[in-house]
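Chain residues, written in single-letter form:
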Amino acid sequence: QVQLVESGGGLVQAGDSLRLSCTASGRTFNTYHVGWFRQAPGKEREFVAAVSWRGYSTNYADTVKGRFTISRDNAKNTVYLQMNNLKPEDTAVYYCAADTTIGSIYTHDPANWGQGTQVTVSS
């Protein structure tokens, strides 16, 4: 088990950038795959991006491909989501989640979740 804490959310204008951080407790974080998800009001939670445990493999939802970049620094137990050219439709609560099985990330069922951070993009 790992405990995850997201930070870096806020209110920005369309076209701006934000970097979200997901910091984990525990010495074994470097064995966990990590994903970012988001949930907008009235909508289902959706996958945003994922990074493998060593950071060699990444994957993105089509809606953010080319604008968002996921990365990790295992020495700091932190995964980042760099979000550029933000759009109003990116407004949501963003969650990071971790699991030792990458399949659990893609089935939206990872074992460990953070509490979320709000991102609001005004037009």
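Preceding this section is the structure that the text describes.
Quick caveat: nothing in here was measured; it's all calculated off a predicted structure. (Residues numbered from 1 in each chain as written. Predicted model: local features only at pLDDT ≥ 70, side-chain atom pairs only at ≥ 80, totals over all residues. Heavy atoms only, no water.)

(A) View of the pattern of salt bridges. In the structure shown here, the tally under the stated rule is four salt bridges. Two residues, Asp90 and Arg38, come together in a salt bridge whose shortest N-O distance is 2.9 Å. Here Arg38 lies in strand E4 (residues 33-39) and Asp90 lies in the loop between strand E8 (78-83) and strand E9 (92-99), a separation of 52 residues in the sequence. Judged by its relative accessible area of 5%, Arg38 falls in the buried class. With a closest N to O distance of 3.2 Å, Asp62 and Lys65 form a salt bridge. (Salt bridge = Lys/Arg side-chain N within 4 Å of Asp/Glu carboxyl O. Helix = DSSP H or I, 4+ residues; strand = E, 2+ residues; numbered from the N terminus. Buried < 20%, exposed > 50% of the residue type's maximum accessible area, 1.4 Å probe, protein only.)

(B) Spotlight on the pairing of strand E7 (residues 68-73). Only one face of E7 is buried, namely the one carrying Phe68, Ile70 and Arg72, since none of Thr69, Ser71 and Asp73 on the opposite face is buried. Summarising the sheet, E7 and E8 pair through six bridges and their orientation is antiparallel. Residue pairing for E8: Phe68 is matched across the bridge by Met83. What sits between E7 and E8 in their antiparallel hairpin is a turn of four residues, with Asn77 showing a positive phi close to 55°. (Pairing = 2+ DSSP bridges.)

(C) Structural view of the packing of aromatic side chains. Across all of its chains, the model carries four aromatic pairs by this definition. Their ring planes at 75° and their centres at 5.9 Å tell us that Phe37 and Phe47 sit as a pair that is edge-to-face. Of this pair, Phe37 sits in strand E4 while Phe47 sits in strand E5 (residues 46-51); the two residues are 10 residues apart in sequence, bridging distant segments of the chain. With centroids separated by 6.4 Å and ring planes inclined at 80°, the aromatic side chains of Tyr95 and Trp113 adopt a geometry described as edge-to-face. (Phe/Tyr/Trp six-rings, centres within 6.5 Å; stacked < 30°, edge-to-face > 60°.)

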